[in-house]
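Report on the structure
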Amino acid sequence: MIRKANECEIQYREHMRDGDGTVELTHFIASPEEINQKGRLFSKITLQPGTSIGYHLHENDAELFYILCGVGEYNDNGELKTVRPGDIAICPTGTGHAIANKGDEVLELVALIVYA
């Protein structure tokens, strides 16, 4: 199966996980069935300057971020860290995270949520 870029659903979420602003998600999969029910999200996430995804826990799944462009402030289970292009942020099951774009440029990342 091939899905062309213009066939991906784009979704806008205001105050995602109680974060600031509106986050843009470009969904690469249409449903968990496309990845054999092994996860629920595989998307590009775009955060404009001043936007964020609020802190949240992953109790029954894990999430990975691959930073494409921009600089972000990543809350790694309570510890703030800077992430840049090429960095991979891993939030294992039972831990929490958040990410914020506090810079002047767009922050883009690929996110994957897999079930525990």
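1. A closer look at the side chain of His56
Checked against the element boundaries, His56 lands in strand S4 (residues 52-58). His56 gets classed as buried once you look at its relative accessible area, which sits at 9%. A distance of 2.8 Å separates the side chain of His56 from the backbone oxygen of Gly54, its partner in a polar contact. At 3.2 Å, the side chain of His56 and the side chain of His58 are in polar contact. When sequence neighbours within four positions are dropped, the list of residues in contact with His56 reads Arg17, Glu63, Thr95, Gly96 and His97.

2. Topic: the nonpolar core
One recurring pattern in soluble globular proteins: nonpolar side chains tend to sit buried together. Core analysis: the biggest nonpolar cluster contains 18 residues, and Ile45, Leu47, Phe65, Ile99 and Leu109 have the highest contact counts within it. Secondary structure elements with two or more residues in this core: strand S2 (22-27), strand S3 (39-47), strand S5 (61-69), strand S8 (88-91) and strand S10 (107-115).

3. Brief notes about the sheet that holds S8
Taken in spatial order, the six strands line up as S1-S2-S3-S10-S5-S8 in an open sheet, and their pairing is antiparallel. Of all the strands in the sheet, just strand S1 (9-14) and S8 have a single pairing partner and so form its edges. Here the strands of the sheet are splayed against their neighbours by 25° on average, with no regard to which way each runs. Of the strand pairs in this sheet, S5 and S8 are connected by four bridges, and their pairing is antiparallel. Considered in S8, the bridge of Glu63 is made with Cys91.

So, how was this worked out
Residues numbered from 1 in each chain as written. Predicted model: local features only at pLDDT ≥ 70, side-chain atom pairs only at ≥ 80, totals over all residues. Heavy atoms only, no water. Helix = DSSP H or I, 4+ residues; strand = E, 2+ residues; numbered from the N terminus. Buried < 20%, exposed > 50% of the residue type's maximum accessible area, 1.4 Å probe, protein only. Polar contact = N/O pair within 3.5 Å; in protein donor to acceptor, adjacent residues only side chain to side chain. Contact = heavy atoms within 4.5 Å. Core = buried A, V, L, I, M, F, W, Y, C linked by side-chain atoms within 4.5 Å. Pairing = 2+ DSSP bridges. Axes fitted to C-alpha atoms, helices over the stretch in contact; angles between N-to-C directions.

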